[in-house]
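# Working through the structure, step by step
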Amino acid sequence: MIESKVVKFRLLNNEKDATLYFENVDFSVDFKDNYQLTSEYGVAHVIMQDKIDILVDLNMHTLTEVLALKPAPISISWVGRPVTTGASYIDYFITDVVMTPPHLSHLFTEKLIRMPNCAWIAPHKVLYRGIPFEDEPTKEEFDQQGLPNDKIILANFNQLWKIDGRAFKTWIRIMRRVPNSVLWLLDFSIGADANTSRKNILEFAFQAGISNDRIIFGKSIGGNQKANYAHVRRSALATLFLDSFFYGMGSTAMNILWAGSPILTMPGETLFSRMAASFITNLGLAEDLVVSSEREYEERAIQIITNKQKLLQIKEKIRKNRIHSPLFDYLNYTRYFEKSFKLAWENYIQFGRAQNFDVTINDIN
């Protein structure tokens, strides 16, 4: 029988980060704030002094020097970046069977902890409690985003640098086959980078026969709860989101699904490309929205956007399933997450090293 006590321990870059990211978190019990520490050795000393057993890195490579000192018996990489750290001193990487199926395990230097449903959890039930997302978008909402309300709106809310050429060419083919469509992208860039990104996209599309007025660039919004809600809410304006092939949508996909909009995705060989597939699978829509080839991707997109009944059925299924989906079930996820720590510790006690393992639904029953 393992007795455990969780101590909240965070390391941030500065005091501003502490206010911005943790303003709604209660740190009144067993909380240590360490953003004042400037030395990696100082941080590692505090961790060892406090006898931290399991150290979880949420940022990846920002604490490389600290983690390399091995201040805790077990170190885990989680959600910071959807890729292996490549570091031999990181013991575990938290994933799931869709993000990292067995045949892709060799791509990780860490041992894998596979969660029973999804490796990540979407906190939308908490963030947007009591805020309805069922209402159909109004013409005013379309106008506010500079979007036509009488056309098919294809969209991708990734940062522009994540859009790969193969995916964009496929989107162009879809648009050429569906003349009543526009492509809605978000531009997070500023200055010269923004101009270059937009220019390249518009030039490529124009050369492929898509006029510039069919590519619409929206602006990034966020920074507080009201702005974040507006950002999530506007996802409902799109007819269909098209995921990139190489670097797909991660937390962005969670926002889109919570807003009730469908995402079409084609998982590849990297975890970068498999995030949305995991979320969609946990919503019970893999058969509708997860495909395995570019040709299937193109044909499925056209089937969805040109068949209003099918589109409405998919949207209704998303809105219905999200309420009970494991993707948004933070309470059960917490139980699985705690169990993963206990199993990792048991491995450490029994074997003295990390071991691959799966957390199963039966582990908390």
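I will try to describe carefully the structure that is included in this document. (Residues numbered from 1 in each chain as written. Predicted model: local features only at pLDDT ≥ 70, side-chain atom pairs only at ≥ 80, totals over all residues. Heavy atoms only, no water.)

## Considerations on the overall build of the protein chain
- A count of helical and extended segments in the protein chain gives 14 helices and 12 strands.
- Residues counted as buried form 48% of the 365 residues belonging to the protein chain.
- Of the accessible surface of the protein chain, which amounts to about 18500 Å², a share of 52% is contributed by carbon and sulfur atoms. (Helix = DSSP H or I, 4+ residues; strand = E, 2+ residues; numbered from the N terminus. Buried < 20%, exposed > 50% of the residue type's maximum accessible area, 1.4 Å probe, protein only. Areas by Shrake-Rupley, 256 points an atom, 1.4 Å probe, with all protein chains shown as cover.)

## Quick word on the packing of helix H9 (residues 251-258) against helix H10 (residues 275-282)
- Orientation of H9 relative to H10, taken along the N-to-C sense of each, is 30 degrees, at an axis distance of 9 Å. Considering their axes alone, H9 and H10 lie roughly parallel with respect to each other. Note that H9 runs across H10; the crossing there is right-handed. Between H9 and H10, the residues in contact are Ala253, Met254 and Leu257 and Ala276, Phe279 and Ile280, respectively. (Axes fitted to C-alpha atoms, helices over the stretch in contact; angles between N-to-C directions. Parallel < 35°, antiparallel > 145°, perpendicular 65-115°, else oblique. Left-handed = near helix turned anticlockwise from the far one by under 90°. Contact = heavy atoms within 4.5 Å.)

## Digging into the pairing of strand E8 (residues 181-187)
- With seven of seven residues buried, E8 is to be regarded as a mostly interior element.
- Here E8 shows no split at all, with Ser181, Leu183, Leu185 and Asp187 on one side and Val182, Trp184 and Leu186 on the other all buried.
- Handedness of the strand E7 (residues 152-156)-helix H6 (residues 165-177)-E8 crossover: right-handed.
- Taken together, the five bridges between E8 and strand E9 (residues 215-219) define a ladder with parallel strand orientation. Along E9, the bridge assignment pairs leucine 186 with glycine 218. (Right-handed = clockwise from strand over helix to strand, strands pointing away. Pairing = 2+ DSSP bridges.)

## Let's talk about H6
- For H6, which comprises 13 residues, the first-to-last C-alpha distance of 19 Å matches the rise-based estimate of 18 Å (1.5 Å per residue) to within 8%.
- Turning to H6, its buried residues number three or more, namely Ala167, Phe168, Thr170, Trp171, Ile172, Ile174 and Met175. (Expected span 1.5 Å × (residues − 1).)

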